[in-house]
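Structure at a glance
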Amino acid sequence: MLDTSELTAAVERFADRLRAAPQSRLQRGAAAEGLALARELALRAQRIEEPEGSARIMPDAGVFTVADQLVVAGNDLAEILRTAPAGSRERELGEAVDLVREAAGRAGL
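Residues numbered from 1 in each chain as written. Predicted model: local features only at pLDDT ≥ 70, side-chain atom pairs only at ≥ 80, totals over all residues. Heavy atoms only, no water.

Description of the pattern of salt bridges
Tallied over the entire structure, the rule returns nine salt bridges. Between D16 and R19 there is a salt bridge whose closest N-O contact spans 3.1 Å. Of this pair, D16 and R19 both sit in helix α1 (residues 5-20), separated by three residues, roughly a single helical turn. Assessed through its relative accessible area of 43%, D16 is described here as partly exposed. The class of R19 is partly exposed, set by a relative accessible area of 41%. Overlapping salt bridges bring together E40, R44, R91 and E95 as one network. (Salt bridge = Lys/Arg side-chain N within 4 Å of Asp/Glu carboxyl O. Helix = DSSP H or I, 4+ residues; strand = E, 2+ residues; numbered from the N terminus. Buried < 20%, exposed > 50% of the residue type's maximum accessible area, 1.4 Å probe, protein only.)

Structural notes on helix α4 (residues 90-107)
Counted at 1.5 Å a residue, the expected span for α4 with its 18 residues is 26 Å, and the 26 Å between its end C-alpha atoms agrees. Taken together, the buried positions of α4 are occupied by E92, L93, A96, V97, V100, A103, A104 and A107. Down the axis of α4, the buried set is contained in an arc of 140 degrees. They therefore lie on one face. With respect to the buried face of α4, the exposed residues turned more than 90 degrees away are R91, G105 and R106. Of the surrounding secondary structure, the elements contacted by the buried residues of α4 are α1, α2 (23-49) and α3 (66-82). Two residues or fewer after α4 comes G108, characterised by a positive phi angle close to 70 degrees. (Expected span 1.5 Å × (residues − 1). Arc of directions from axis to C-beta. Contact = heavy atoms within 4.5 Å.)

Description of α3
When the terminal C-alpha atoms of α3 are compared, their 24 Å separation across 17 residues agrees well with the 24 Å that a helix rising 1.5 Å per residue should span. Those residues of α3 that sit buried are V66, A67, Q69, L70, V71, A73, G74, L77, A78, I80 and L81. The inward-facing, buried residues of α3 abut α1, α2 and α4.

Description of the side chain of Q46
By the secondary structure assignment, Q46 is in helix α2. Under the relative-accessibility criterion, Q46 is labelled buried at 13%.

A closer look at the environment of I48
Within the fold, I48 resides in helix α2. Measuring from C-alpha to C-alpha, the distance between I48 and I80 comes to 7.7 Å, with 32 residues separating the pair along the chain. Those residues in contact with I48 that sit more than four places away from it in its chain are L77, I80, L81 and R89.

Brief notes about the packing of α1 against α2
The interhelical angle for the contact between α1 and α2, taken along N-to-C directions, is 150 degrees, at an axis separation of 11 Å. When the axes of α1 and α2 are compared, the pair comes out roughly antiparallel. Of the two elements, α1 crosses α2, and the hand of that crossing is left-handed. Contact residues: V11, F14 and L18 in α1; L26, A30, A31, G34, L37 and L41 in α2. Here the contact of α1 with α2 is composed, by residue class, of eight nonpolar, one polar and no charged. (Axes fitted to C-alpha atoms, helices over the stretch in contact; angles between N-to-C directions. Parallel < 35°, antiparallel > 145°, perpendicular 65-115°, else oblique. Left-handed = near helix turned anticlockwise from the far one by under 90°. Nonpolar A, V, L, I, M, F, W, Y, C, P; charged D, E, K, R; others polar.)

Here is the structure:
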């Protein structure tokens, strides 16, 4: 099993920052950055689980829910990667961690 704790920790840190951010900061782009990341992580999880399935896009549920959406998407991807055969998904895990860190940086949180 793959250790996905780095991914879940990065997702939790970003989500915590989103939760603590003032509404004005969320509306100036931090929430949009978080939602874009949540959508990308969810799509990556879907592609692994159902490579031939149609993509389902995570809805925009508002600036105050984006942190929760991010946690759900991040944890789903982490669980899929964690239970993958050993050594088969290390690259995807590294890419996901990088995506989270980059998005947090762009969000300015």
